[in-house]
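Summary of structural features
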Amino acid sequence: VDFLRTFGGDDDKFLQEHKVFGEITLPGSFFISSALCFSYLYNRKFVSIKKIKLLSRFILKGDDYFKNKININLSNDKNVLSVAFKDSGGSIKAICHLTGVDEKELKIKKDILDPSFTKNSKKDLLVKSREFYEAVSKNRGLVLGNMYKNLGNVYKITRAGSKVHYAEINLSSETFLDGSVYEKLTRIIDAGFQILGAVAVGENGKNSGLYLPTGIREILHHGKYLIGDKLLVVLSNETREENFVEGDINIFNNSGEIIISAAGVRLTKVN
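The sections below set out a description of the structure shown in this document. (Residues numbered from 1 in each chain as written. Predicted model: local features only at pLDDT ≥ 70, side-chain atom pairs only at ≥ 80, totals over all residues. Heavy atoms only, no water.)

In the Ramachandran plot, Lys 51 falls in the positive-phi region, its phi being about 55° despite a non-glycine side chain. Tracing the chain through its elements places Lys 51 in strand 3 (residues 48-53). For Lys 51, a relative accessible area of 58% gives the class exposed. Positioned with a positive phi, Asn 237 is a non-glycine residue whose angle comes to about 55°. Mapping Asn 237 onto the fold places it in strand 12 (residues 230-240). Accessibility expressed as a relative area gives 57% for Asn 237, which makes it exposed. (Helix = DSSP H or I, 4+ residues; strand = E, 2+ residues; numbered from the N terminus. Buried < 20%, exposed > 50% of the residue type's maximum accessible area, 1.4 Å probe, protein only.)

Structure (structure tokens):
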């Protein structure tokens, strides 16, 4: 597949603004959005992708880092899509389910977007977005340009012994609405990953480290729903240990419809 012709990779300003330890690094959201977009190109509909495995870092060198380096393959039965780079050995492999996407009707819980959702519950500001970006960048060398700084303040709601984390995804209309589907998905999914890292920073202090995505159990894109200019990302079922943080992520549009859902998202700590 000709990535340059399809997505214009050499002009990808998003990837150039994503650095780890001072080096341009492919974020995990790049592989996820690429898999979703290529699945759509092959099958003419968005599909469910399961069992995603990511290496934590893919270093890009030079201005022509896409040229003659990307391999995208679909198995003969169109069930397994792999995205890989020839010089890194890194890949994403996913089993793509070609049915069931339109059959699922996922709706947001009414008490999340309802203005009175804090009634009989406790709402706490877990971490401010600016503090999150500054803490991760200062302590572990992650540099995110403006294109990747999409996560709003992160809040924790506690009610009846249960808790949920959520944040707004702030998308600039000038840069977001004019972008391709690939660019939109990359930014949205990356912000979803960031809320996991923000929770780790907010719960464990500013020196909790840098977490990069290494795996996802399942991700589903509901392409029929409009994205809108402001989104809400809700994290649930998160668990944290010393070297990883894991959770389920749902991203909603202005109307409260789920546009992206991801289960079992794992971020691994990078020292």
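That was the structure; now back to the text.
A few words now on the packing of aromatic side chains. A full pass over the atoms with the stated rule returns 3 aromatic pairs. Note on Phe 132 and Tyr 133: the rings are 5.3 Å apart at their centroids and 50° apart in plane angle, and the pair reads as tilted. On the basis of relative accessible area, Phe 132 is assigned to the buried category, the value being 5%. Seen from the ring of Phe 244, Arg 266 lies directly overhead, with NZ or CZ sitting 3.8 Å from the centre. (Phe/Tyr/Trp six-rings, centres within 6.5 Å; stacked < 30°, edge-to-face > 60°. Lys NZ or Arg CZ within 6 Å of the ring centre and 35° of its normal.)

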